[in-house]
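# Structural characterization, general
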Amino acid sequence: MPDHLVRGPVAIIAALVAPLAVCAVLLPFRAALANTVVALVLVVVVVAAAALGHRLAGVLAALSAAVWFDFFFTVPYQRLTISSPADITTAVVLLTVGLVVSQLAARARRLEVVTITDADYLAQLHHAARLAQTATSPDAVVECVRAQLVGLLHLRGCRFQYGTLLGHAPRLENDGSVTVGRKRWDVDRLGLPDQDIELRVFAGGRFHGRFLLQPTPGHTPPLEARLVAVTLADQAGAALQTIWRETAPRP
């Protein structure tokens, strides 16, 4: 089953169940634990749900945490009512903080600045960097990066168009996200669009062309792979810029 189909439902179920499970573990110690401590533990669960899942998972985890905190840890117990003003404040803070940190954690998954530890990713970036310094032919640069993109993103195919922006193809952005028209495409939930996706190549403020990526149905490249793809396109642009600068007629 495709990764994006498995990961979505699993993340949602885990987001709903995890706060309940944590509350069940803490329940025998209810008399000894301050409610603020319980709330902090549940915030950690919400952050984990958002970081490992997606934004919806974080929101559901925050709501679930607030409900089960009220049900098990506020008087009267086993009822969705709160009689203590202090507990009301704690529950509201738990829900608010949970929602905020879930948004931040989900957003962090899409930031361009990530730690890339996969040895294959690093090797490809190193190869592209060397290519940018040594290549003497634009076609050699394009072909090398094209082959890297096919393997990296498990594409059905990939081609390069020099200096043209015809049509309105979905676009792989610098932060690893995908946009269709003016809207962000939910890659984690929907996978990649089933059509050519453009990866634009710029360098020195100049548009050099674009790679047109043909996704493989059922395969969703992880965010790290998409960010490496963007970096490879940047290296291709730098190489093309250098080649054309060196080969341009001198006045």
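Rules and cut-offs
Residues numbered from 1 in each chain as written. Predicted model: local features only at pLDDT ≥ 70, side-chain atom pairs only at ≥ 80, totals over all residues. Heavy atoms only, no water. Helix = DSSP H or I, 4+ residues; strand = E, 2+ residues; numbered from the N terminus. Buried < 20%, exposed > 50% of the residue type's maximum accessible area, 1.4 Å probe, protein only. Contact = heavy atoms within 4.5 Å. Phe/Tyr/Trp six-rings, centres within 6.5 Å; stacked < 30°, edge-to-face > 60°. Polar contact = N/O pair within 3.5 Å; in protein donor to acceptor, adjacent residues only side chain to side chain. Core = buried A, V, L, I, M, F, W, Y, C linked by side-chain atoms within 4.5 Å. Expected span 1.5 Å × (residues − 1). Arc of directions from axis to C-beta. pLDDT = per-residue confidence, 0-100.

Below, the discussion takes up the overall build of the chain. Broken down by element type, the chain carries 8 helices and 6 strands. Helices and strands in the chain line up, N terminus first, as α-α-α-α-α-α-β-β-β-β-α-β-β-α. Buried residues in the chain amount to 39% of all 251 residues. A sequence separation of at least 24 residues applies to 70% of the contacts in the chain between residues at least 6 apart.

Right, let's get into the packing of aromatic side chains. In total, this model carries 7 aromatic pairs according to the counting rule given. With a centroid separation of 5.0 Å and 90 degrees between ring planes, the pair formed by F71 and F72 is classed as edge-to-face. With a centroid separation of 5.3 Å and an interplanar angle of 55 degrees, the aromatic rings of F202 and F207 are classed as tilted. Of the residues examined, F202 reaches a relative accessible area of 41% and is grouped as partly exposed. Aromatic ring contacts, followed pair by pair, group W68, F71 and F72 into a single cluster.

Attention now goes to the environment of V17. With respect to the element layout, V17 can be found in helix α1 (residues 3-26). Overall, V17 belongs to the partly exposed group, its relative accessible area being 46%. Put simply, V17 and A61 are 44 residues apart on the chain and 8.2 Å apart in space, counted from C-alpha to C-alpha.

Attention now goes to the side chain of T74. Summarising the element assignment, T74 is placed in the loop between α3 (55-73) and α4 (85-108). Here D70 takes part through its backbone oxygen, which lies 2.6 Å from a polar atom of the side chain of T74. Residues contacting T74, with those up to four places away along its chain left out, are N35, F69, T81, I82 and D87.

The amide bond that connects V75 to the next residue, P76, takes the cis arrangement and shows omega of 0 degrees. As for its placement among the helices and strands, P76 is situated in the loop between α3 and α4. The phi angle at Q78 is positive, at roughly 60 degrees, despite the residue not being glycine. Note that Q78 resides in the loop between α3 and α4. Q78 sits in the partly exposed class, given a relative accessible area of 42%. Of note, the phi angle at H154 is positive, near 55 degrees, even though the residue is not glycine. For H154, the position within the fold is in the loop between α6 (138-153) and β1 (157-162). Accessibility expressed as a relative area gives 44% for H154, which makes it partly exposed.

A few words on the nonpolar core. Within the largest apolar cluster, 31 residues are counted, with the highest numbers of intra-cluster contacts made by L149, L152, L172, L199, F211, L213 and L232. At the level of elements, α5 (119-134), α6, β1, β5 (197-203), β6 (206-214) and α8 (223-247) are the ones that each hand at least two residues to this core. The element best represented in this core is α8, accounting for 10 residues. Residues in contact with L199, not counting those within four places in the same chain, are L149, L172, G209, R210, F211, L213, A229, V230 and A233. Counting residues in hydrophobic clusters, the runner-up holds 19 residues, among them A39, A61, F69 and F73.

This brings us to helix α2 (residues 35-52). Between its first and last C-alpha atoms α2 spans 26 Å; for 18 residues at 1.5 Å apiece the expected length is 26 Å, and the two agree. Taken as a whole, α2 has its buried residues at N35, V38, A39, L42, V43, V45, V46, A49 and A50. Along the axis of α2, the buried residues cluster in a sector spanning 165 degrees; they form a single face. Across α2 from its buried face, at more than 90 degrees, point the exposed residues L40, V44 and L52.

This next bit is on the confidence of the model for the chain. The predicted model of the chain has a mean per-residue pLDDT of 80, with 82% of residues at 70 or higher. Confidence, expressed as mean pLDDT per element, reaches its minimum in the chain at α5 with 69 and its maximum at strand β2 (residues 171-172) with 94. In the predicted structure, residues 1-6 sits below a pLDDT of 50 and forms 9 contacts with residues beyond four places in sequence or in another chain. Between residues 110-117, whose pLDDT stays under 50, and residues either more than four places distant or in other chains, the model counts 15 contacts.

In this model, α3 (19 residues) spans 26 Å end to end at C-alpha, consistent with the 27 Å of a helix rising 1.5 Å per residue. The set of residues buried in α3 consists of A57, G58, A61, A62, S64, A65, A66, F69, D70, F72 and F73.

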